Amino acid sequence: MKRLGPAVVVLALVAGRVEAQDPRLARLDRRVQAEVGALIDSARTLGIPSEPIVDKALEGAAKRAPHERIVVVVRSRFRELAAARAALGSGAMDAELIAAADALHAGASAEVVTTLRARRPTLPLTIPLAVLADLIARGVPADTASSAVLALA
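Here the residue index of a chain counts from 1 through its sequence in written order. In view of the model being predicted, local features appear only for residues whose pLDDT reaches at least 70, and side-chain atom pairs are presented and counted only at 80 or more, with totals across whole chains, interfaces and linings using the full set of residues. Excluded from the side-chain calculations are hydrogens and water; all other atoms, namely the structure's heavy atoms, are used.

*Asks:* Please explain the overall build of the protein chain as it appears in this structure.
*Replies:* The helix and strand inventory of the protein chain stands at eight helices and zero strands. Helix and strand assignments follow DSSP, with helices taken as H or I runs no shorter than four residues and strands as E runs no shorter than two, numbered in order from the N terminus. Mapped from its N terminus to its C terminus, the protein chain presents α and β elements in the order α-α-α-α-α-α-α-α. For every residue, the accessible area (1.4 Å probe, protein chains only) is compared with the maximum for its type, and the residue is labelled buried under 20%, exposed over 50%, or partly exposed between those bounds. For the protein chain, buried positions account for 35% of its 153 residues. Nonlocal contacts in the protein chain, meaning residues at least 24 apart in sequence, comprise 58% of its contacts between residues at least 6 apart. Summed over its atoms, the accessible surface of the protein chain is roughly 9100 Å², and 61% of this surface lies on carbon and sulfur atoms. Any two residues whose heavy atoms approach within 4.5 Å are treated as being in contact. The method behind every accessible area is Shrake-Rupley, applied with a 1.4 Å probe, and residues are considered shielded solely by the protein chains displayed.

So this is what it looks like as structure tokens:
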């Protein structure tokens, strides 16, 4: 009976870890779940919102994308969020980070995001970053869109 003590503690810790994982990820392959879970843990450590990572994984599952493709896309989203954190600094709100990641994904440079933060240090950047991403997505060259948004800032 005394030998069961450590085993019970280990099982409780493992069970707690499984329960801590987002239950929506159960739809994914075990390997994809592990990859996404590791990225979520890293995001939390870096102060990056994890919901966009979960959303991207679930989008891939809903589209029945191959497991490898889901992992590649989720990793890319994580990198964009990390780059947004680096460009905006530690004081950025989650909505700003997501908008900045979207702008980076669309083709804006991290330098433009950093310059925008410098020009508007205390004002939210969610809308200017969303406009930047939208302009680029609609075919406006990234440098032209960046110049326009920075001029208005």
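That was the structure; now back to the text.
*Asks:* Would you mind going over the pattern of salt bridges with me for this structure?
*Replies:* Side-chain pairing between opposite charges can occur once the charged atoms of the two side chains come close. Throughout this description, the term salt bridge denotes a Lys or Arg side-chain nitrogen within 4 Å of a carboxyl oxygen of Asp or Glu. Here the structure, examined in full by the defined rule, presents 10 salt bridges. In this structure, Glu-35 engages Arg-75 in a salt bridge whose closest nitrogen and oxygen atoms are separated by 2.8 Å. Taken together, the residues span a long stretch of sequence, with Glu-35 in helix α2 (residues 30–46) and Arg-75 in helix α4 (residues 67–88) at a distance of 40 residues. Since its relative accessible area comes to 34%, Arg-75 is described here as partly exposed. Glu-96 serves as the salt-bridge partner of Arg-117, at 2.8 Å between the closest nitrogen and oxygen. One end of the pair, Arg-117, is in helix α6 (residues 110–119); the other, Glu-96, is in helix α5 (residues 94–106), with 21 residues separating them in the sequence. Just as Arg-117 is buried, Glu-96 falls in that class too. Among the charged side chains, a salt-bridge network with shared partners connects Asp-22, Arg-24 and Glu-51.

*Asks:* Is there a simple way to explain the environment of Ala-84 in this structure?
*Replies:* Among the structural elements, Ala-84 can be located in helix α4. Among the residues examined, Ala-84 registers a relative accessible area of 0% and is labelled buried. When the C-alpha atoms of Ala-84 and Ser-109 are compared, they prove to be 10.0 Å apart, with 25 residues separating the residues in sequence. Beyond its immediate chain neighbours, meaning those up to four positions away, Ala-84 contacts Leu-97, Ala-100, Ala-101 and Leu-104.

*Asks:* For this particular structure, what's the right way to read the confidence of the model for the protein chain?
*Replies:* For any part of a model where pLDDT is low, the fine detail of the predicted coordinates should not be relied upon. Averaged over all residues, the pLDDT of the protein chain is 89; the fraction at 70 or higher stands at 87%. Taken element by element, the protein chain is modelled with least confidence in helix α1 (residues 4–20), mean pLDDT 42, and with most confidence in helix α7 (residues 126–137), mean pLDDT 98. pLDDT: the predictor's confidence for each residue, scored from 0 to 100. Every residue in residues 1–19 scores below 50 in pLDDT, and together they form two contacts with partners more than four places removed in sequence or on other chains.

*Asks:* Just checking my understanding: could you explain the side chain of Arg-117 for this structure?
*Replies:* Judged by relative accessible area, which is 14%, Arg-117 ranks as buried. In contact with Arg-117, other than residues within four places in its own chain, are Leu-88, Glu-96, Leu-123 and Leu-125.

*Asks:* What should I look at first to understand the packing of α6 against helix α8 (residues 142–152) in this one?
*Replies:* Packed helices, taken two at a time, are described by their axes: the angle between them and the distance between them. Their axes nearest at 10 Å, the elements α6 and α8 cross at an angle of 10°. Considering the angle they form, α6 stands roughly parallel to α8. Of the residues in α8, those touching α6 at Val-112, Thr-115, Leu-116 and Arg-119 are Ser-146, Val-149, Leu-150 and Ala-151. Angles here are taken between N-to-C directions and fall from 0 to 180 degrees, while the axes themselves are lines fitted to C-alpha atoms, restricted in helices to the stretch in contact. Angular relationships are summarised with four words: roughly parallel below 35 degrees, roughly antiparallel beyond 145, roughly perpendicular across 65 to 115, and oblique for the angles in between.

*Asks:* Is there a simple way to think about the nonpolar core in this case?
*Replies:* A general feature of soluble globular proteins is that nonpolar side chains tend to end up buried together. We define the nonpolar core as a collection of buried residues of types Ala, Val, Leu, Ile, Met, Phe, Trp, Tyr and Cys that are connected through side-chain atoms lying within 4.5 Å of one another. In terms of nonpolar packing, the biggest core is built from 40 residues, with Leu-25, Val-36, Ile-53, Leu-88, Leu-129 and Leu-132 touching the most fellow members. Secondary-structure elements contributing two or more residues to this core are α2, α3 (51–62), α4, α5, α6, α7 and α8. Among the elements that take part in this core, α4 stands out by supplying eight residues, more than any other. Setting aside chain neighbours within four positions, we find Leu-132 in contact with Ala-103, Ala-108, Val-112, Ala-145, Ser-146 and Val-149.

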